[in-house]
Amino acid sequence: RYYIDVQALELERMPPVVSAAACLQNIIYGNPGLQAHMICSGWDPYAGYQIYEVNMVGFRQEKDIAVGGSGGTYV
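The text that follows walks through the structure, step by step, so that each part is easy to find. (Residues numbered from 1 in each chain as written. Predicted model: local features only at pLDDT ≥ 70, side-chain atom pairs only at ≥ 80, totals over all residues. Heavy atoms only, no water.)

### Focus on a nonpolar patch on the surface
Judged by side-chain polarity, Y2, Y3, I27 and L34 come together as a nonpolar surface patch covering roughly 420 Å² of accessible area. Structurally, I27 can be placed in helix α2 (residues 17–30). (Patch = residues over 30% accessible without salt bridge, like charges linked within 9 Å, V, L, I, M, F, W, Y side chains within 5 Å. Areas by Shrake-Rupley, 256 points an atom, 1.4 Å probe, with all protein chains shown as cover. Salt bridge = Lys/Arg side-chain N within 4 Å of Asp/Glu carboxyl O. Helix = DSSP H or I, 4+ residues; strand = E, 2+ residues; numbered from the N terminus.)

Given below as structure tokens:
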């Protein structure tokens, strides 16, 4: 949230969703002991609704749908 707030101040408007996903990617990649698989989604006026999936090694990919959690494969 902090990084997005700083970007919003610099841009004088809300940053795009891909920027939030990139911040999440940098946090995960920069902390190798962090075992996290995250979903970042939202809507912005630049590209509309977007979903990004960031895995444990910091790989970011845009998706049409994303599911997380232990029961995700059964949904």
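### What to know about the packing of aromatic side chains
One pass over the structure, following the stated rule, counts one aromatic pair. Ring centres of Y2 and Y3 lie 5.5 Å apart, and the angle between their planes is 70°; on these two criteria the pair is classed as edge-to-face. On the basis of relative accessible area, Y3 is assigned to the partly exposed category, the value being 46%. (Phe/Tyr/Trp six-rings, centres within 6.5 Å; stacked < 30°, edge-to-face > 60°. Buried < 20%, exposed > 50% of the residue type's maximum accessible area, 1.4 Å probe, protein only.)

### A closer look at the state of the cysteines
Within this structure, the stated rule accounts for zero disulfides. No disulfide involves C23; its nearest neighbouring cysteine sulfur is the one of C40, lying 8.9 Å away. (Disulfide = S-S within 2.5 Å.)

### Some remarks on the sheet that holds strand β3 (residues 60–63)
Sheet architecture is open: three strands sit in the order β1-β2-β3, paired in antiparallel fashion. Taken across any chain shown, the strands that pair with only one partner, and hence form the sheet edges, are β1 (38–44) and β3. Within this sheet the neighbouring strands show an average axis-to-axis angle of 25°, counted without direction. Two strands pair when backbone bridges link them, and β1 and strand β2 (residues 48–54) are joined in this way by seven bridges, in the antiparallel orientation. Its bridge partner lying in β2, S41 is registered against I51. The sheet contacts of α2 involve β1, β2 and β3, and relative to β1 the element is tilted by about 160°. (Pairing = 2+ DSSP bridges. Axes fitted to C-alpha atoms, helices over the stretch in contact; angles between N-to-C directions. Contact = heavy atoms within 4.5 Å.)

### Here's the deal with unusual backbone geometry
Residue E12 is not a glycine yet carries a positive backbone phi of 60°. You can see E12 is positioned in the loop between α1 (2–11) and α2. Take E12: its relative accessible area is 71%, and that puts it in the exposed class.

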